[in-house]
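# Survey of secondary and tertiary structure
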Amino acid sequence: MNKYMRIICVLFGLVLFNFTINNAYANPPKKPNKHVTSLMENIFPDEKQEREVRKIFEQVRCVVCQNESINESQANIALSMRNVIRKMYLAKKSEQEILDFLESRYGAFILLKPPVNKVTYVLWFSPVFILLIGILLLMRHLRQSYDESEYNTVENDIDYTADLSVEKQEKLQKILKLIKT
Amino acid sequence: MNNNSNINTDNNKGSKPFVRKLLMVLPILVIVVLIIYFFKGLGRNTSYVPPVFVDKPFPQDIDLTKIRGSGESVYEYIQNNKVTLINIFGYWCVSCLAEHPTMNYISSEYKIPIIGISFNDKPIVNTSQYDEYIEKTQNWLNNNGNPYDVVFDASSDAVVALGITGAPETIIVNQEGIIKFRFPFPLSPDSWKNKILPVIEKIKNGDKPEPKKTNEGKK
């Protein structure tokens, strides 16, 4: 039991550690202007609109600097895409409509966060699956080693007492009983 | 009882080494497979993503500058011609300059209409910037030859609507206005003969490739 508790504690600690690290990377301290603004870009004068449209930019991968969103990228194609998205936004297209349009032209690759569908099940759920297998294997291993150590003591008892005389065996049983009680 | 338990333990001991050996070999096997997989991945070009927007009708929703003042939209132009090549180029693009002789060769040797979409790499917020872009594109075409029916895509609407990642790119559209093939690299005479021409012949012959015709074309 002690062993299990210790392992659960370690696992919990690892998960917590991972969570905090991930959080630190996912939500870095807000910089005043993360958006690389081209001087020529038509930024919406309305702050709320600008915030909403940048929320869309953040979800779109730049096709040139591939781990950047078009919100951060300085590539020309990113600027082109920002302008097209701004135009669509002003034409009252919803966020989903804009992302669907881009996905239909560039493929799911254009979305920084891959969608959950048949093709990406493996991508999304394999870590959980592998973790479960790991926990199962670990538990089986621990139980086995625990069981084995128990069997070993029993077998040793039999081996040793078999060579003893009847009197000595009785004596031993008495001592064992005393110990147990 | 004792005998029975002994037999049982013996059986367990007999099966365990086999399972253990298997478990011992398994990680090595997994690692070998992974090493092969990762080693193959080392040389892979991850920046190239195959185009998705293929076998789909040419987007009608693009509002482009009309071709050469004829009043035709790109979509109408495509429908009035049988098979159309669409080439994305830019006056600022070096690989476009490199492939341009091939485009000139195609337009003079083969009677295939070519739409040239001029990819704009700069933001345009006022008319003088727009004029500069048009002027530079036209100068570039005057200097290097103009095989195109030019479309000016100053706002990049066409580039994004077609799912283009960069210039140059060559797109083949069939007589029904459906995008049949995309070649997102600079075109060389070799790639024209080996990659583009067979597709065009296939479209013209209704999915029956006739190698004889391509030979005639080459001569």
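Everything discussed here concerns the structure shown above.
The present account deals with the structure reproduced in this document. Keep in mind the model is a prediction, meaning the values are calculated, not measured.

Rules of the game
- Residues numbered from 1 in each chain as written.
- Chains lettered and ligands numbered in written order.
- Predicted model: local features only at pLDDT ≥ 70, side-chain atom pairs only at ≥ 80, totals over all residues.
- Heavy atoms only, no water.
- Helix = DSSP H or I, 4+ residues; strand = E, 2+ residues; numbered from the N terminus.
- Buried < 20%, exposed > 50% of the residue type's maximum accessible area, 1.4 Å probe, protein only.
- Contact = heavy atoms within 4.5 Å.
- Areas by Shrake-Rupley, 256 points an atom, 1.4 Å probe, with all protein chains shown as cover.
- Buried area = accessible area lost by both parts, 1.4 Å probe.
- Salt bridge = Lys/Arg side-chain N within 4 Å of Asp/Glu carboxyl O.
- Polar contact = N/O pair within 3.5 Å; in protein donor to acceptor, adjacent residues only side chain to side chain.
- Nonpolar A, V, L, I, M, F, W, Y, C, P; charged D, E, K, R; others polar.
- Axes fitted to C-alpha atoms, helices over the stretch in contact; angles between N-to-C directions.
- Parallel < 35°, antiparallel > 145°, perpendicular 65-115°, else oblique.
- Left-handed = near helix turned anticlockwise from the far one by under 90°.
- Expected span 1.5 Å × (residues − 1).
- Bend = angle between axes of the 7 residues up to and from the residue.
- Pairing = 2+ DSSP bridges.

## Comments concerning the overall build of chain B
The helix and strand tally for chain B stands at seven helices and five strands. Ordering the α and β elements of chain B from the N terminus gives α-α-β-α-β-α-β-α-β-β-α-α. Relative to its full complement of 219 residues, chain B shows a buried share of 38%. A separation threshold of at least 6 residues defines the contact pool for chain B, and within that pool the share at least 24 residues apart is 72%. Here chain B displays about 12,900 Å² of accessible surface, and carbon together with sulfur accounts for 56% of that area.

## Comments concerning the interface of chain A and chain B
Listed per partner, the contact involves 22 residues of chain A and 27 residues of chain B. Here chain A and chain B share an interface that buries about 2,000 Å² over both sides, 57% of which is from carbon and sulfur atoms. For the pair chain A and chain B, the interface holds one salt bridge. For the interface between chain A and chain B, the tally reads four residue pairs in polar contact (both at pLDDT 80 or more). Sorting the residues of the side of chain A that touches chain B by element identifies α3 (76-90), α4 (95-106) and α5 (121-162) of chain A as the ones contributing at least two each. Residues of the side of chain A that touches chain B, tallied by class, amount to eleven nonpolar, seven polar and four charged.

## Section: the packing of helix α3 (residues 94-109) of chain B against helix α4 (residues 127-144) of chain B
Residues and elements named next belong to chain B. Running from amino to carboxyl end, α3 crosses α4 at an angle of 55°, the nearest separation of the two axes being 11 Å. Taken together, the axes of α3 and α4 are oblique relative to one another. Every pair of crossing elements has a handedness; the one defined by α3 and α4 is right-handed. On the side of α3, the interface is formed by Cys-96, Leu-97, His-100 and Asn-104, while α4 contributes Trp-140, Leu-141 and Asn-144. For the contact of α3 with α4, the per-class residue count stands at four nonpolar, three polar and no charged.

## Considering unusual backbone geometry
Geometrically, the link from Ala167(B) to Pro168(B) is a cis peptide bond, its omega value of -5° lying close to zero. Here Pro168(B) lies in the loop between α5 (157-161) and β4 (169-173). We note that Lys92(A) has phi near 65°; this positive angle belongs to a residue other than glycine. Backbone geometry at Asp55(B) places phi at a positive 60°, although glycine is not the residue there. As for its position among the elements, Asp55(B) is in the loop between α1 (2-42) and α2 (74-80).

## A closer look at α3(B)
Residue and element names in this part refer to chain B. With 16 residues, α3 ought to run about 22 Å at 1.5 Å a step, and its terminal C-alpha atoms sit 24 Å apart, in line with that. Along its length, α3 reaches its greatest deviation from straightness, about 40°, at His-100, and the proline Pro-101 lies no more than four positions downstream. Taken together, the buried positions of α3 are occupied by Cys-96, Glu-99, His-100, Thr-102, Met-103 and Ile-106. On the buried face of α3, the contacting elements are β1 (84-89), β2 (114-119), α4, β4 and α6 (189-204).

## So, the pairing of β4(B)
All names here are of chain B. Counting buried residues along β4, five of its five residues qualify, which places the element largely inside the surrounding structure. Burial of β4 is two-sided: the residues Glu-169, Ile-171 and Val-173 facing one way and the residues Thr-170 and Ile-172 facing the other way are all buried. Where β1 and β4 come together, five bridges link them in antiparallel fashion. Looking at β4, one finds that Asn-87 is bridged to Thr-170. Where β4 and strand β5 (residues 179-183) come together, four bridges link them in antiparallel fashion. Looking across to β5, one finds that Thr-170 is bridged to Phe-183.

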